[in-house]
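Read off the chains here:
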Amino acid sequence: MSIPKLTVVIPVYNEEATLQALFSRLYPALDALGKSYEIIFINDGSKDRSAAILSGQYHVRSEVTRVILFNGNFGQHRAILAGFAHARGECIVTLDADLQNPPEDIHVLLAEFDKGHDYVGSIRRQRNDSWWRHVASRAMNRLRERITRIHMTDQGCMMRAYSRRIIDTINQCNEMHTYIPALAYSFAQNPTEVIIGHEERHAGESKYSLYSLIRLNFDLMTGFSVLPLQLFSMLGMIISLGSGLLVLYLLARRLILGPEAEGVFTLFAITFFLLGIALFGIGILGEYIGRIYHEVRDRPRYLIAAILQAEDSQE
Ligand code: UDP
Ligand code: MG
């Protein structure tokens, strides 16, 4: 079997409601490209009928379809990593299964790729998500722009194209917690961005709660920068300096004016404020340490129960 030009990697978690619609739009869109391609679905431990639907589809189009079945839920980014490990194409496109990004726009990514870019990012033309996700992701975008060297207009959009070289480099990384678009960006030589469509989720629901979005953003911040840690040592130095001056001032007052006992509540306010900062600092330390802990245990990132692929496509 010859090496396909294009690999499309799609993580799937409880998407039984959208899969059929995805197949009916994705395959024609890829057939229309006139390039050889393969599609790798990764079933991330779905609890619904997704796995059965995927294996059904594998039997319909087994020459271009491969299905990786996970042994449990390991998260979207690890599912994509498993797809990368098995991808053989020269250009690798990641796509969500929920049809929020139209598969018909893959050719837009490929057009840029053919111009010689090794990383084609994407910007959602008009984002259709709930308002709190708009606000939160705008804030996170801005924060990321400040503290990491990753420059992306829209970090949340997963539909992107990567070159073989970037994927090979990612395959050498053993990170437990990562954020694929940012990791890929850090290896890119000639990145660019295009605008693509974005629709509301028609069926099923978002797999990301507020909590998991916060976890993901911590992965992004801690995975690509140690600035949060450095900021805390800076802040610590400034506060020590300030409190040193305060001690001198209070000492002078004690000597000149004698003992004073007013201002207990001001003291409380200052103490609580500093306590808050200290706890936040410990929390940030914990974020890094927890990740170091996961890294040193070096457990497998995911477990594959089975892979469905045509005989001749086995490596
Ligand atoms: N996904 C996954 N594992 C998870 C959560 C999500 O494979 O633990 C997949 C999901 O099936 C979808 C993609 O990741 O294809 C994006 O998920 P979702 O659309 O829920 O995220 P959102 O668009 O709300 O950010
Ligand atoms: Mg989605």
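Details of the structure are given in the entry above.
All figures in this text were calculated on a predicted structure; none of them were measured in a lab.

Chemist: Would you explain the sheet that holds strand β4 (residues 91-94) in this entry?
Modeler: Where strands meet in a sheet, backbone hydrogen bonds hold them as pairs that are either parallel or antiparallel. On the basis of which strands lie adjacent, the open sheet formed by eight strands has the order β7-β5-β6-β4-β1-β2-β3-β8 and mixed pairing. The open sheet has two edge strands with one neighbour each: β7 (191-196) and β8 (304-308). Ignoring strand direction, the axes of neighbouring strands in this sheet form an average angle of 20 degrees. Pairing of strand β5 (residues 119-124) with strand β6 (residues 160-163) involves two bridges; the strand directions are antiparallel. Within β6, the residue paired with V120 across the bridge is A161. Most of the contacts of helix α1 (residues 16-31) go to strand β2 (residues 37-43), to which it runs at about 160 degrees, and overall it touches β1 (6-12), β2 and β3 (65-70). Strands β1, β2, β3 and β8 of the sheet are contacted by helix α2 (residues 50-60), whose axis makes an angle of about 155 degrees with β3.

Chemist: Would you take a moment to explain the site of ligand 1 for this structure?
Modeler: Near ligand 1 lie 17 residues; those nearest to it are E15, D44, D98, S206 and K207. For ligand 1, a nitrogen atom lies 2.6 Å from a polar atom in the side chain of D44. About the coverage of ligand 1: the protein hides 92% of its 530 Å² of free accessible area. Residue classes in the shell around ligand 1 are distributed as five nonpolar, five polar and seven charged.

Basis of the calculations
- Residues numbered from 1 in each chain as written.
- Chains lettered and ligands numbered in written order.
- Predicted model: local features only at pLDDT ≥ 70, side-chain atom pairs only at ≥ 80, totals over all residues.
- Heavy atoms only, no water.
- Pairing = 2+ DSSP bridges.
- Helix = DSSP H or I, 4+ residues; strand = E, 2+ residues; numbered from the N terminus.
- Axes fitted to C-alpha atoms, helices over the stretch in contact; angles between N-to-C directions.
- Contact = heavy atoms within 4.5 Å.
- Near = heavy atom within 4 Å.
- Polar contact = N/O pair within 3.5 Å; in protein donor to acceptor, adjacent residues only side chain to side chain.
- Areas by Shrake-Rupley, 256 points an atom, 1.4 Å probe, with all protein chains shown as cover.
- Nonpolar A, V, L, I, M, F, W, Y, C, P; charged D, E, K, R; others polar.

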